[in-house]
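Summary of structural features
Residue strings, one per chain:
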Amino acid sequence: MESINKGLIFEEIGKQLDISPTMYKLAVERYTAVAEYLEENDLKAHFYPQGSFRLGTVTRPIRNGIESDYDIDLVCQILVDKNNTSPSTIKNTVGNLLRKNKRYKKILDEEGRRCWTLIYAEKDGIGFHLDILPSIRESIEIIESLIKEYNLAPRYAESAIAITNKNKIDNLYNWESSNPNGYGLWFDEINKSFYDLVEKSTRKQIYENNRDIFASIDDVPPQLIRTPLQRVIQILKRHRDLRFNGHKLEDDKPISMIITTLVSQIAKNENCLTTDIFVLLKFIALKLAQYAILLSNIEISQQQYAVIKRDIYTGKWYISNPVNPAENFADRWHENDNRKAKAFFQWVNWVYLDLIQNMDKPGFDINSLKNVLGNNVVEKANAKYQSLLLQHHNDCMQSSSLSTVNITSPGKPWG
Amino acid sequence: MNIKEVIENQFKELIKKYPSFILYWEDDIGIVKGELNFKALYNGVVIADTYTIKIEIPSTYPSNLPMTKEIGGRIPLNFHRLANDYLCLEVPTKMKIIFMQNPTLLFYVEKFVVEYLYGFSYKEKFGRLPYGEHPHGNAGIIDFYKELFGVTDINSILKFLKILSNSNYRGHHLCPCNSEKKLRNCHGKTIRELMQLDIAYMFRFDLDVILRSKTNRF
């Protein structure tokens with residue numbers, strides 16, 4: 001029987017969830033244009049992407065069960081001292097400039113809590129939501145306290161920023177702390193060993209499939225090269241989106257930041273290395289499942305390196321932000337009888353059943369992934385996978401194309 | 001380069017050919033786990049098969065060899081396995097001698113693990129092992145030394161092992177193989193080569209095992 005290369009199927013599924021090189025280029029053009037416009041209007045600022053676009057874990061969102069526009073997050077870090085400005089000034093400087101421009105005024109969404117959103121409808125039906133996050137460098141006092149009180153490495157702490165928050169009730173603005181660049185750096189450090197493993201072959205593949213966009217192999221930006229770690233995160237995010245769609249726990253589904261942080265933290269703690277996406281997913285899913293015991297047994301001894309912790313006395317859950325130890329991503333997990341924690345472990349169990357157990361059983365059918373990763377995505381990925389099987393019998397696919405081990409002077413089993 | 005880096009680099013070489021493995025660490029022990037998807041040829045018979053295995057690489061690697069388990073549940077307990085579930089790929093001293101020619105994970109996997117699993121797949125198909133097997137326990141160790149020195153007399157083996165475990169080579173002494181020749185003109189080269197491997201402790205271990213079984217038997 002032909003064995004199915006599960007890692008390769010996941011690679012193809014990951015590609016379908018991802019932003020295409022053409023769309024990536026377009027997105028960069030769009031936000032560069034916004035940045036240039038703001039700079040031309042005397043806004044002195046640094047612009048850089050954050051979130052999944054920065055981390056390389058972009059996953060086509062599902063809204064109400066339908067594949068929809070990509071979210072792209074852009075930090076607009078204005079070069080002004082925190083003592084000499086206010087959150088409302090920062091937020092509205094950007095908003096006012098956007099409204100001043102005819103084109104941007106038309107596509108500007110209502111003011112968000114932290115961002116200004118431009119909604120681009122592109123011609124082939126897939127658009128972008130460009131979230132622009134007005135911010136400034138965090139104050140020296142806060143940066144120093146992150147280093148001294150929370151033991152945060154200075155290379156992370158230095159890129160902390162202050163972002164604005166508009167209160168829903170009184171419409172007043174206040175500062176909040178964030179650190180997208182520090183987080184990106186933390187993630188890159190973990191991703192690096194995987195990146196080094198796959199960089200060469202992936203770069204070549206991207207170039208060959210997109211010769212119309214890239215002049216040479218070196219032209220392919222590193223931001224488009226996906227590692228098994230990034231693919232695992234993409235697949236998990238998509239699985240979460242579909243599994244919780246219409247479910248009673250939908251409002252409590254794990255946020256992307258939690259998924260990304262836990263997967264990366266496990267990869268970091270275990271120092272694991274592989275090129276096979278399925279193998280990595282399985283490894284990480286089994287590690288996550290081990291924490292489910294915290295639901296029923298708070299008093300279990302928790303190791304220093306546990307990625308999810310629980311307070312023995314209060315029952316509160318902890319998943320700390322690796323670049324801001326004061327921030328707890330799971331600060332609301334205990335509410336409503338641990339509803340968010342239950343949703344998380346329900347999902348981990350789904351991951352195990354839908355993706356690991358299902359795919360490990362003999363006679364696994366690729367179509368069975370449609371319900372949990374998306375019809376379209378699995379359909380297209382499967383077509384690609386089948387054509388890859390036909391086209392090249394390259395050595396990572398099949399035993400039939402494996403180079404043969406020649407057994408000469410064999411040993412003998414003993415014992 | 002520390003041992004973790006050595007193992008990581010060797011792992012990278014391994015997954016170029018066998019990509020479905022993951023490397024991680026349990027304390028200081030490197031774990032290589034995953035599906036071994038191989039194709040091997042012996043005496044004109046090609047077998048392609050897949051096994052799920054777990055290889056444990058000690059922190060004393062490569063002085064000490066990795067140990068391997070089959071974790072997919074295909075190999076029954078009564079096939080060549082140690083009590084703690086590790087596969088008995090070969091007599092340890094023999095493995096060590098072969099491994100030192102090319103101490104890498106890829107070589108370990110292809111030379112020992114693939115050969116062993118090929119043997120098991122072959123047996124499943126044809127009902128017998130393709131290249132025989134060592135008897136279990138001491139008899140297997142004696143078997144190996146009979147092959148290594150080309151002798152049948154157990155006393156000759158014991159004498160050779162005494163020389164090797166004490167690194168006590170005397171070329172002008174009579175060769176223990178009863179050839180009546182001087183050692184240097186007979187098994188001298190073999191003995192000197194084995195001494196260069198610096199594994200006197202393994203020969204001593206085997207010597208003790210054989211001696212103990214002898215006294216038990218008589």
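Just so we're clear, the structure is a prediction, and the values are computed from it rather than from any experiment.

What counts, and at which threshold
- Residues numbered from 1 in each chain as written.
- Chains lettered and ligands numbered in written order.
- Predicted model: local features only at pLDDT ≥ 70, side-chain atom pairs only at ≥ 80, totals over all residues.
- Heavy atoms only, no water.
- Domains from an automatic or database assignment.
- Contact = heavy atoms within 4.5 Å.
- Buried area = accessible area lost by both parts, 1.4 Å probe.
- Salt bridge = Lys/Arg side-chain N within 4 Å of Asp/Glu carboxyl O.
- Polar contact = N/O pair within 3.5 Å; in protein donor to acceptor, adjacent residues only side chain to side chain.
- Nonpolar A, V, L, I, M, F, W, Y, C, P; charged D, E, K, R; others polar.
- Core = buried A, V, L, I, M, F, W, Y, C linked by side-chain atoms within 4.5 Å.
- Buried < 20%, exposed > 50% of the residue type's maximum accessible area, 1.4 Å probe, protein only.
- Helix = DSSP H or I, 4+ residues; strand = E, 2+ residues; numbered from the N terminus.
- 1 Å grid on protein atoms, 1.4 Å probe; cavity = no way out; pocket = protein on both sides within 12 Å on 5 of 7 lines; lining within 4 Å.
- Points joined across faces, edges and corners; volume = space filled by probe spheres on them.
- pLDDT = per-residue confidence, 0-100.
- Patch = residues over 30% accessible without salt bridge, like charges linked within 9 Å, V, L, I, M, F, W, Y side chains within 5 Å.
- Areas by Shrake-Rupley, 256 points an atom, 1.4 Å probe, with all protein chains shown as cover.
- Pairing = 2+ DSSP bridges.
- Phe/Tyr/Trp six-rings, centres within 6.5 Å; stacked < 30°, edge-to-face > 60°.
- Lys NZ or Arg CZ within 6 Å of the ring centre and 35° of its normal.
- UniProt positions renumbered as here; feature names shortened; annotations may be inferred.

Often the size quoted for an interface is simply the accessible area lost on bringing the parts together. All names here are of chain B. As far as domains go, chain B holds domain 1 (3-126) and domain 2 (137-217). The centre of domain 1, based on its C-alpha atoms, is set 28 Å off from the matching centre of domain 2. Counting residues at the interface gives eight residues for domain 1 and 12 residues for domain 2. For the pair domain 1 and domain 2, the summed buried surface comes to about 800 Å²; carbon and sulfur atoms form 79% of the total. A per-residue breakdown of the area domain 1 buries against domain 2 is headed by Val91, Thr93 and Ile97, which together make up 56% of the total. Its salt-bridge partner being glutamate 147, residue lysine 94 comes within 3.8 Å of it at the nearest N-O pair. Taken together, domain 1 and domain 2 are joined by one residue pair in polar contact (both at pLDDT 80 or more). Tallied by class, the residues present in the side of domain 1 that touches domain 2 amount to four nonpolar, two polar and two charged.

Counting 77 residues, the largest nonpolar core has Phe10, Ile13, Ile308, Trp333 and Phe344 of chain A as its most contacted members. With 11 residues, helix H13 (residues 335-360) of chain A is the single largest residue contributor to this core. Excluding residues within four positions of it along the chain, isoleucine 13 of chain A makes contact with Ile235, Leu369, Leu373, Val377, Val378 and Ala381 of chain A. Within the second largest apolar cluster, 47 residues are counted, among which are Phe21, Trp25, Ile47 and Val113 of chain B.

Summed over all chains, the structure comprises three cavities of 30 Å³ or more. Considering only enclosed or pocket space, the largest cavity measures out at about 70 Å³ in volume. What lines the largest cavity is simply Gly411, Lys412 and Pro413 of chain A together with Leu89, Glu90, Ile98, Lys111, Phe112, Glu115, Tyr116 and Tyr131 of chain B. Counting residues per element, the lining of the largest cavity draws most heavily on helix H3 (residues 105-126) of chain B, at four residues. Per-class residue counts for the lining of the largest cavity are six nonpolar, one polar and four charged. Estimates place the volume of the second largest cavity at around 40 Å³. Lining the second largest cavity, in full, are Leu236, Leu281, Ile284, Ala285, Leu288, Trp347, Val348 and Val351 of chain A. Elements represented by at least two residues in the lining of the second largest cavity include exactly helix H11 (277-289) and H13 of chain A. With four residues, the single largest contributor to the lining of the second largest cavity is H11 of chain A. The class makeup of the residues in the lining of the second largest cavity is eight nonpolar, no polar and no charged.

Mapping leucine 41 of chain B onto the fold places it in strand S2 (residues 29-42). For the pair leucine 41 of chain B and glutamate 115 of chain B, spaced 74 residues apart in sequence, the C-alpha to C-alpha distance is 9.5 Å. Apart from the residues lying within four places of it in its own chain, the contact partners of leucine 41 of chain B are Thr404, Val405, Asn406 and Ile407 of chain A together with Val46 and Tyr118 of chain B.

What follows is about the confidence of the model for chain B. Averaged over chain B, the pLDDT score is 89; the fraction of residues at 70 or greater is 96%. Across chain B, element-level confidence peaks in strand S1 (residues 21-26) of chain B with a mean pLDDT of 95 and bottoms out in helix H7 (residues 200-217) of chain B with 83.

Glancing now at the confidence of the model for chain A. With 96% of its residues at a pLDDT of 70 or more, chain A shows a mean pLDDT of 92. In this model, residues 395-400 of chain A is a region of pLDDT below 50 whose contacts with residues beyond four sequence positions or in other chains number 18 contacts.

As a further point, take a nonpolar patch on the surface. A cluster of nonpolar residues, Leu286, Tyr352 and Leu353 of chain A, forms a patch on the protein surface that exposes about 230 Å² of accessible area. In this structure, leucine 286 of chain A sits in helix H11.

A few words now on the domain arrangement of chain A. All names here are of chain A. Domain annotation of chain A identifies domain 1 (19-176) and domain 2 (226-388). For domain 1 and domain 2, the distance between their C-alpha centres works out to 27 Å. Contacts between domain 1 and domain 2 engage 16 residues on the former and 17 residues on the latter. For domain 1, the biggest contributors to the area lost against domain 2 are Thr57, Thr59 and Ile62; these three give 33% of the whole.

Taken together, the contacts link 46 residues of chain B with 31 residues of chain A. The largest per-residue losses of area from chain B upon contact with chain A belong to Ile22, Lys39 and Leu41 of chain B, which jointly make up 18% of the total buried on that side. Taken together, chain B and chain A are joined by one salt bridge. Between glutamate 35 of chain B and lysine 6 of chain A there is a salt bridge, with the nearest N and O atoms lying 3.6 Å from each other. At the boundary of chain B and chain A, one finds six residue pairs in polar contact (both at pLDDT 80 or more). Listing elements by their share of the side of chain B that touches chain A, those giving two or more residues are helix H1 (3-17), S1, S2, helix H2 (92-99), H3 and helix H4 (137-149) of chain B. Counting residues per element, the side of chain B that touches chain A draws most heavily on S2 of chain B, at seven residues. Tallied by class, residues from the side of chain B that touches chain A come to 24 nonpolar, eight polar and 14 charged. Two strands pair when backbone bridges link them, and strand S13 (residues 405-406) of chain A and S2 of chain B are joined in this way by two bridges, in the parallel orientation. Pairing of valine 405 of chain A across the sheet is with alanine 40 of chain B, part of S2 of chain B.

Under the counting rule described, the total for this entry stands at 27 aromatic pairs over all chains. Judged by centre distance (5.3 Å) and plane angle (45°), the ring pair of tyrosine 183 of chain A and tryptophan 186 of chain A falls under tilted. In this pair, tyrosine 183 of chain A and tryptophan 186 of chain A are both assigned in helix H8 (residues 180-209), three residues apart and thus about one turn of the helix distant. When its relative accessible area of 3% is taken as the criterion, tyrosine 183 of chain A is described as buried. Each residue in the set Trp317, Trp333, Phe344, Phe345 and Trp347 of chain A is aromatic and connected to the rest through ring pairs, giving one cluster. In this structure, lysine 91 of chain A packs its charged tip against the face of tryptophan 116 of chain A, placed 5.3 Å from the ring centre. Lysine 69 of chain B extends its terminal NZ or CZ atom over the ring of tyrosine 86 of chain B, reaching a point 4.8 Å from the ring centre.

It is worth spelling out the UniProt feature "domain: Cyclic GMP-AMP synthase DncV-like nucleotidyltransferase" (unreviewed entry) in chain A at this point. Sequence positions flagged by UniProt for "domain: Cyclic GMP-AMP synthase DncV-like nucleotidyltransferase" (unreviewed entry) are, in local numbering, residues 46-132 of chain A. Its end C-alpha atoms 12 Å apart, residues 46-132 of chain A is made of 29% helix and 32% strand.

Under the defined criterion, the tally for this structure stands at 36 salt bridges over all chains. Residues arginine 114 of chain A and glutamate 176 of chain A are paired through a salt bridge, measuring 2.5 Å at the closest nitrogen-oxygen approach. Placement of arginine 114 of chain A in the loop between helix H5 (102-107) and strand S5 (116-120) and of glutamate 176 of chain A in strand S8 (residues 173-178) is noted, with a sequence separation of 62 residues between them. The partly exposed category is assigned to arginine 114 of chain A, whose relative accessible area is 32%. Lysine 54 of chain B is the salt-bridge partner of glutamate 56 of chain B, the closest N and O atoms lying 4.0 Å from each other. We classify glutamate 56 of chain B as buried; its relative accessible area is 14%. Overall, lysine 54 of chain B belongs to the buried group, its relative accessible area being 15%.

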